[in-house]
Amino acid sequence: MTSCNPLTPAAYHHLHLQPPPSAVAAATALSPPSPSSNTTAAAATSSSSRYENQKRRDWNTFGQYLRNHRPPLHLSRCSGAHVLEFLRYLDQFGKTKVHSHPCPFFGVPSPPAPCPCPLRQAWGSLDALIGRLRAAFEEHGGKPENNPFGARAVRLYLREVRDSQAKARGISYDKKKRSRNNSNNKLSRPSTSSSSSAAGSASNVSGDRDHEC
């Protein structure tokens, strides 16, 4: 078995511009950091750290999958088809019940009883996984135009999984997205004294993409 050597990470150099000490002292005296800002910064750092750790684990898992492939597959020869094989391989570890057509609970959001339908990886989990692996591929020296995780076949597969799970589980992702848009519009609704142009711009704000399954 040959080992899969990840691509060498590219070196990035950042230019840091330092303000003069007098300006730093004056800014600190005028606006000391508040506890809320410190809490927000700590939460953002923790979230970023969790994301990076998960991305590293996902990348190692995919590398192990390539090494165990028969025949062993090098990353440079990996294509969208191999990514699809990896996603289907992960289904055996899924925890999301996906009902089949003969099942009486097909399309029922909250089944009242258990059924023998298989467990699968949820669409939201696969979508987030591909996003992390796509970023990790380029961080390890891969070129964006050769990124197998961004292949059209992978995007079509994720869309198919999303639609099929929506039907099987009775979940409408479009409906959830519209509901989120409505709540955002209510929160950002201008006052009666606001101009009509402000109201028009607020109504054009779109909601975030739903990653939950």
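Remember, it's a predicted structure, so these values are computed and weren't measured experimentally.

Analysis parameters
- Note that residues are indexed from 1 along each chain, following the sequence as it is written.
- For this predicted model, a pLDDT threshold of at least 70 governs which residues receive local features, and a threshold of 80 or more governs which side-chain atom pairs are given and counted, while totals over whole chains, interfaces and linings are taken from all residues.
- Side-chain measures here rest on the full set of heavy atoms in the structure, leaving out hydrogens and waters.
- By the criteria applied, helices consist of DSSP H or I runs no shorter than four residues and strands consist of E runs no shorter than two, each listed in order from the N terminus.
- A score from 0 to 100, pLDDT tells how confident the predictor is in each residue.
- Here, residues are in contact when the closest pair of their heavy atoms is within 4.5 Å.
- An expected span of 1.5 Å times one less than the residue number is assigned to each helix.
- A simple rule labels every residue: compare its accessible area, found with a 1.4 Å probe on the protein chains alone, to the largest value its type can have, and call it buried under 20%, exposed over 50%, or partly exposed in between.
- Nonpolar core, defined: a set of buried Ala, Val, Leu, Ile, Met, Phe, Trp, Tyr and Cys residues in which side-chain atoms within 4.5 Å join the residues together.
- For Phe, Tyr and Trp, where Trp contributes only its six-membered ring, two rings pair if their centres lie within 6.5 Å, and the inter-plane angle classes them as stacked under 30 degrees, edge-to-face over 60, or tilted in between.

1. Describing unusual backbone geometry
- Arginine 70 connects to proline 71 through a cis peptide bond whose omega is -5 degrees.
- Looking at the secondary structure, you find proline 71 in the loop between α2 (35-68) and α3 (80-90).

2. Structural notes on the confidence of the model for the protein
- In the predicted model, the protein carries a mean pLDDT of 74, and 60% of its residues have values of at least 70.
- Note on residues 186-213: pLDDT is under 50 here. Beyond four places in sequence and across chains, it has 28 contacts.

3. Some words on helix α5 (residues 152-169)
- Helix length check: α5, at 18 residues, gives a terminal C-alpha distance of 26 Å against a target of 26 Å (1.5 Å per residue), a fit within 8%.
- Every buried residue of α5 is listed here: Val154, Tyr157, Leu158, Val161, Gln165, Ala166, Ala168 and Arg169.
- Backbone geometry just after α5 places glycine 170 at a positive phi near 70 degrees.

4. Let's talk about the nonpolar core
- In this structure, Phe62, Phe86, Leu87 and Phe149 are the most contacted members of the largest nonpolar core, which totals 25 residues.
- Looking at this core, the elements with two or more residues in it are α2, α3, α4 (123-139) and α5.
- The dominant element in this core, judged by the number of residues it contributes, is α4, at seven residues.
- Contacts of phenylalanine 62, omitting those with residues within four sequence positions, involve Leu75, Cys78, Phe86, Leu133 and Phe149.

5. What to know about the packing of aromatic side chains
- Inspection of the entire model under this criterion finds seven aromatic pairs.
- Aromatic pair phenylalanine 62 and phenylalanine 86: ring centres 5.0 Å apart, planes at 85 degrees, arrangement edge-to-face. A residue pair is termed long-range when its members are at least 10 positions apart, and phenylalanine 62 in helix α2 and phenylalanine 86 in helix α3 qualify at 24 residues.
- Using a relative accessible area of 1% as the deciding quantity, one classes phenylalanine 86 as buried.
- Here the aromatic cluster, defined as three or more aromatic residues joined through ring pairs, consists of Phe62, Tyr65, Phe86, Tyr89, Phe93, Phe137 and Phe149.

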